[in-house]
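Geometric and topological summary
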Amino acid sequence: MKRIYISTDIQNLAEQYRDNLFSDRRRNFRSPIYLLEELYQQIKIKKYKDYVKNIIEYFDEILVLHPDKFEYYKNQYFSLSDRELASKRWKPHADKSFADAIVEAMRYDDVRKYEIPSYVKKLEIKSCVYCNAQYTATVHKDNDMIVGAYQIDHFKPKSLYPFLCISFFNLQPCCANCNLWKSDMPIEFNLYTTNASEIDPFNFLLTKKSIINYMLYQDATKLNIQLNSSNNNLLTNHNTRFHTQELYVNFNDDAEELLWKCKIYNNTYKELLLHQFVKLFPNKKQDIHRFLFGFYDKVADIHKRPLTKMKQDIYKQLSPLFKL
């Protein structure tokens, strides 16, 4: 729910991904370029041959292509229609759609299982970038062993933009629930941006009426968590695709616990703990906040733990009330 600004460090990480892609594989490993060239030779229809040829030609660029260039590249070099991408008539006796053939040749499954996980760890994305309510962790089977991995979604779906199926900035860690809801539907929220003003587009809050009702009745079901955004199109699209507003109805007990903690853990109490356990909390206020409230207090750390976005926003809302 928070975008990542494409800083020099993030760009360097993307280039590291590109430069090291499949670099540690055995000598007889068939790379995406090898498979794409093999696919190119099999195709008889020119428009499909050109599509594959352009992937090969712009392969290194595609791997680190910024989201604001996705549509330009599609229109300029990969302009097959949705029907043509879904077609199984791209070569004689084809048994899969053209898009599926591209995704297979570019070895997306291998990227998802073995290549991208280390970069997700470096980005410290543990919670879903769409809902921030669940972890991205999953598992897959590898030679009879169960291996930890991440659920990965495509901002631009691989069925419609197969040339972007392993592009670094098109791969978005998410939970299984959001991945299922989104499917191949278009979305407005992209994880990466070059516009610093777009980094934090959403905001959670407790309605004032619901806070008053809770204070009167001490009933967590009275608390009403709302998702807001200054971008109405983005908000409508996000709720339509991921049903985020309906999802957060289930977390009013978390909001209640935050209310309790805001009442109890005032600044005096925090300073007392810091004084008594100075060696336990090397980062001082950040550590003591995480210890007491159970979430990271920096916007940059929203992806580290589920519900951090909601808790950060509601804490900021409640802080003036409890003089935190």
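For the structure itself, look to the data block above.
First, a word on what this report is: a plain description of the structure on this page. Fair warning: this is a prediction, and the values are worked out from it, not measured in the lab. (Residues numbered from 1 in each chain as written. Predicted model: local features only at pLDDT ≥ 70, side-chain atom pairs only at ≥ 80, totals over all residues. Heavy atoms only, no water.)

Turning to the side chain of Ser319, a few remarks are in order. Inspection of the secondary structure assignment puts Ser319 in helix 17 (residues 308-322). At 2.7 Å, the side chain of Ser319 and the backbone oxygen of Tyr315 are in polar contact. (Helix = DSSP H or I, 4+ residues; strand = E, 2+ residues; numbered from the N terminus. Polar contact = N/O pair within 3.5 Å; in protein donor to acceptor, adjacent residues only side chain to side chain.)

With that settled, the discussion passes to the layout of surface pockets. In this structure, the largest pocket occupies an estimated 430 Å³ of space. What lines the largest pocket is a set of 21 residues, and nearest its centre among them are Arg3, Glu188, Asn190, Thr193 and Glu198. The set of elements that each furnish at least two residues to the lining of the largest pocket consists of helix 5 (70-77) and strand 6 (192-193). Residues belonging to the lining of the largest pocket are distributed by class as follows: six nonpolar, eight polar and seven charged. Lining the second largest pocket are 19 residues; nearest its centre among them are Leu35, Lys96, Ala101, Glu104 and Ala105. Counting residues per element, the ones that place at least two in the lining of the second largest pocket are helix 2 (32-42), helix 7 (98-105) and helix 8 (108-115). Split by residue class, the lining of the second largest pocket holds seven nonpolar, two polar and 10 charged. (1 Å grid on protein atoms, 1.4 Å probe; cavity = no way out; pocket = protein on both sides within 12 Å on 5 of 7 lines; lining within 4 Å. Points joined across faces, edges and corners; volume = space filled by probe spheres on them. Nonpolar A, V, L, I, M, F, W, Y, C, P; charged D, E, K, R; others polar.)

As a further point, take helix 17. The terminal C-alpha atoms of helix 17, which comprises 15 residues, lie 20 Å apart, in line with the 21 Å expected from a rise of 1.5 Å per residue. Three or more residues of helix 17 are buried, namely Thr308, Lys309, Met310, Lys311, Gln312, Asp313, Ile314, Tyr315, Leu318 and Ser319. Buried positions along helix 17 lie against strand 7 (202-206), helix 11 (208-217), strand 8 (225-229), helix 14 (252-264), helix 15 (267-276) and helix 16 (285-293). (Expected span 1.5 Å × (residues − 1). Buried < 20%, exposed > 50% of the residue type's maximum accessible area, 1.4 Å probe, protein only. Contact = heavy atoms within 4.5 Å.)

Turning next to the pairing of strand 3 (residues 145-150). Taken together, the six bridges between strand 2 (residues 137-142) and strand 3 define a ladder with antiparallel strand orientation. Within strand 3, the residue paired with Val139 across the bridge is Gly148. Counted between consecutive antiparallel strands, the loop separating strand 2 from strand 3 contains two residues, among which Asn143 sits at a positive phi close to 55°. (Pairing = 2+ DSSP bridges.)

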